[in-house]
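Chain residues, written in single-letter form:
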Amino acid sequence: MGGALGKGDSPKKSWVPETKLEAKMVEAMQRRECHGCTTRSFNTIILKFPKIDESFRKCRAIFEQFDEDSNGAIDQEELKKCFSKLEISFSEEDINDLFKACDFNDDLGMKFNEFIVLLCLVYLFKDDPKALHAKSRIGMPNLEATFETLVDTFVFLDKNRDGYVSKNEMVQAINETTSGERSSGRIAMKRFEEMDWDKNGMVNFKEFLFAFTRWVGIDEGEDE
């Protein structure tokens, strides 16, 4: 996702979002990055995995509530009803864009992990001053606290504040935690490869979220 420009372009503009939603995602993240982050090392993030996993799993009941035909996936019509029930004020175009972006397998059905990613994106977008839903909340304080942890983690990784995480930034983040350990570079590369879904060398917030659901143990194939 995103495309590189020529060598003569400004470094800050060297990566161009390919979709309108990705552009919104990058803009929202850059606004958030202006406030800095509280995360100080990757280890502190890892220590939070169990609590984040527990928070995610509490979404299962919400997911099942809106999976009206109980087929293990939420379709676009079910998602629209979900947004209405949760009082999330997005336009139909925004909902369709979010659905398309989070339906990673293009199977017209949003699995549980994809639903979590979508809710986190909703959380990120909620402070958009240009949006009608600027004051909306998901209505789940504990879940929102978890989403804020994920946003804060991405801010920690995105050292140059451009809305994307590069390989070098991932290495830098891991090295801050495991200074002097020979394995730190390999760890960073493994984590980065897990995030870089489309293998283009840059990770946006959505790709980071998908990787994170797997890191904490939520995966699309689970049948719990």
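Residues numbered from 1 in each chain as written. Predicted model: local features only at pLDDT ≥ 70, side-chain atom pairs only at ≥ 80, totals over all residues. Heavy atoms only, no water.

*Asks:* If you had to explain the confidence of the model for the protein to someone new, which residues and values would you point to?
*Replies:* Overall, the prediction assigns the protein a mean pLDDT of 81, with 80% of residues at 70 or greater. Below pLDDT 50 for its whole length, residues 131–136 participates in ten contacts with residues either more than four positions away or in separate chains. (pLDDT = per-residue confidence, 0-100. Contact = heavy atoms within 4.5 Å.)

*Asks:* Can you tell me about helix 5 (residues 76–85), naming the residues and giving the values?
*Replies:* The set of residues buried in helix 5 consists of E78, L79, C82 and F83. The buried side chains of helix 5 occupy one side of the element, clustering within an arc of 140° when seen end-on. Among the exposed residues of helix 5, those oriented more than 90 degrees off its buried face are S84 and K85. Among the structural elements, helix 4 (60–66), helix 6 (92–102) and helix 7 (112–125) are those in contact with the buried residues of helix 5. Its side-chain oxygen at 3.1 Å from the backbone nitrogen of E77, D75 defines the N-terminal cap of helix 5. Looking one or two residues past helix 5, E87 carries a phi angle of roughly 55°, positive in sign. (Buried < 20%, exposed > 50% of the residue type's maximum accessible area, 1.4 Å probe, protein only. Helix = DSSP H or I, 4+ residues; strand = E, 2+ residues; numbered from the N terminus. Arc of directions from axis to C-beta. Polar contact = N/O pair within 3.5 Å; in protein donor to acceptor, adjacent residues only side chain to side chain.)

*Asks:* Describe the packing of helix 6 against helix 7, listing the residues and the values that go with them.
*Replies:* The contact between helix 6 and helix 7 brings their axes to 9 Å, and the two run at 135°. Between helix 6 and helix 7, the crossing angle belongs to the class labelled oblique. When the axes of helix 6 and helix 7 are compared, the crossing they make is right-handed. On helix 7, the residues that touch L98, F99 and C102 of helix 6 are E114, V117, L118, L121, V122 and F125. When the residues that make up the contact of helix 6 with helix 7 are grouped by side-chain class, the tally is eight nonpolar, no polar and one charged. (Axes fitted to C-alpha atoms, helices over the stretch in contact; angles between N-to-C directions. Parallel < 35°, antiparallel > 145°, perpendicular 65-115°, else oblique. Left-handed = near helix turned anticlockwise from the far one by under 90°. Nonpolar A, V, L, I, M, F, W, Y, C, P; charged D, E, K, R; others polar.)

*Asks:* Account for the packing of aromatic side chains, naming residues and giving values.
*Replies:* Evaluated as defined, the whole model comprises 15 aromatic pairs. Where F154 meets F208, the ring centres are 5.6 Å apart and the plane angle is 65°; that geometry is what we call edge-to-face. Taken as a pair, F154 in helix 8 (residues 141–157) and F208 in helix 11 (residues 205–215) lie far apart in primary sequence, 54 residues in all. The exposure class of F154 is buried, given its relative accessible area of 0%. For F208, a relative accessible area of 0% gives the class buried. Grouping aromatic residues by their ring pairs yields a cluster made of F42, F49, F154, F205, F208, F212 and W215. (Phe/Tyr/Trp six-rings, centres within 6.5 Å; stacked < 30°, edge-to-face > 60°.)

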